[in-house]
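Breakdown of the fold
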Amino acid sequence: MLKNSEFLKIADRGILKQFLITFLPLSVLVGGVLMIIHQAESKAERGAISINETHNVDMQTKIAARDFNLIKSDLMFLTTQNELQFMLNRPVDATKTLELRQTIAK
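Let me sum up the structure you'll find in this document.

Basis of the calculations
- Residues numbered from 1 in each chain as written.
- Predicted model: local features only at pLDDT ≥ 70, side-chain atom pairs only at ≥ 80, totals over all residues.
- Heavy atoms only, no water.
- Helix = DSSP H or I, 4+ residues; strand = E, 2+ residues; numbered from the N terminus.
- Buried < 20%, exposed > 50% of the residue type's maximum accessible area, 1.4 Å probe, protein only.
- Areas by Shrake-Rupley, 256 points an atom, 1.4 Å probe, with all protein chains shown as cover.
- Phe/Tyr/Trp six-rings, centres within 6.5 Å; stacked < 30°, edge-to-face > 60°.
- Patch = residues over 30% accessible without salt bridge, like charges linked within 9 Å, V, L, I, M, F, W, Y side chains within 5 Å.
- Salt bridge = Lys/Arg side-chain N within 4 Å of Asp/Glu carboxyl O.

1. A look at the overall build of the protein chain
Secondary structure assignment for the protein chain yields two helices and zero strands. By residue count, 3% of the 106 residues in the protein chain fall in the buried class. Counting only carbon and sulfur atoms, one obtains 67% of the accessible surface of the protein chain, whose full area is about 9,900 Å².

In structure tokens form, the structure reads like this:
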């Protein structure tokens, strides 16, 4: 006949075996589902970050282009000023110089 402690050991083994047979497949299934959900969320977040960064780069490109256009217009203005100074300072007919100065003053 079995003693109480031996019976509990045998019963514990049976319960443990049944628990493991039930728990392990369920835990693998739940873990797999959670991993798939995590991968999907990570992919969606990476896509959103990629779109956001592309937008940021486009905006920076537009800002740089606008700044260069402003610099270009300033340089074009300065070059015309240099040409005006050259025309006003060269020895030409005094009446032409006077007419140029009056045109510029308007």
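Having put the structure on the table, let's press on.
2. With respect to the packing of aromatic side chains
This model, assessed by the stated rule, comprises one aromatic pair. Geometrically, the ring pair formed by Phe19 and Phe23 is stacked, given 5.2 Å between the ring centres and 5° between the ring planes. One end of the pair, Phe19, and the other, Phe23, are both in helix α1 (residues 4–89), four residues apart, so they sit about a helical turn from each other. Phe19 sits in the partly exposed class, given a relative accessible area of 46%.

3. Describing a nonpolar patch on the surface
Together, Leu26, Leu29, Val30, Val33, Leu34 and Ile37 make up an exposed nonpolar region whose accessible area comes to about 550 Å². Relative to the helices and strands, Ile37 resides in helix α1. A relative accessible area of 42% means that Ile37 is categorised as partly exposed.

4. Thoughts on the pattern of salt bridges
If charged atoms from side chains of opposite charge come close, those side chains can pair. Within the structure shown, the criterion is met by one salt bridge. Between Asp67 and Arg66 there is a salt bridge; the shortest N-O distance is 3.6 Å. We classify Arg66 as partly exposed; its relative accessible area is 49%.

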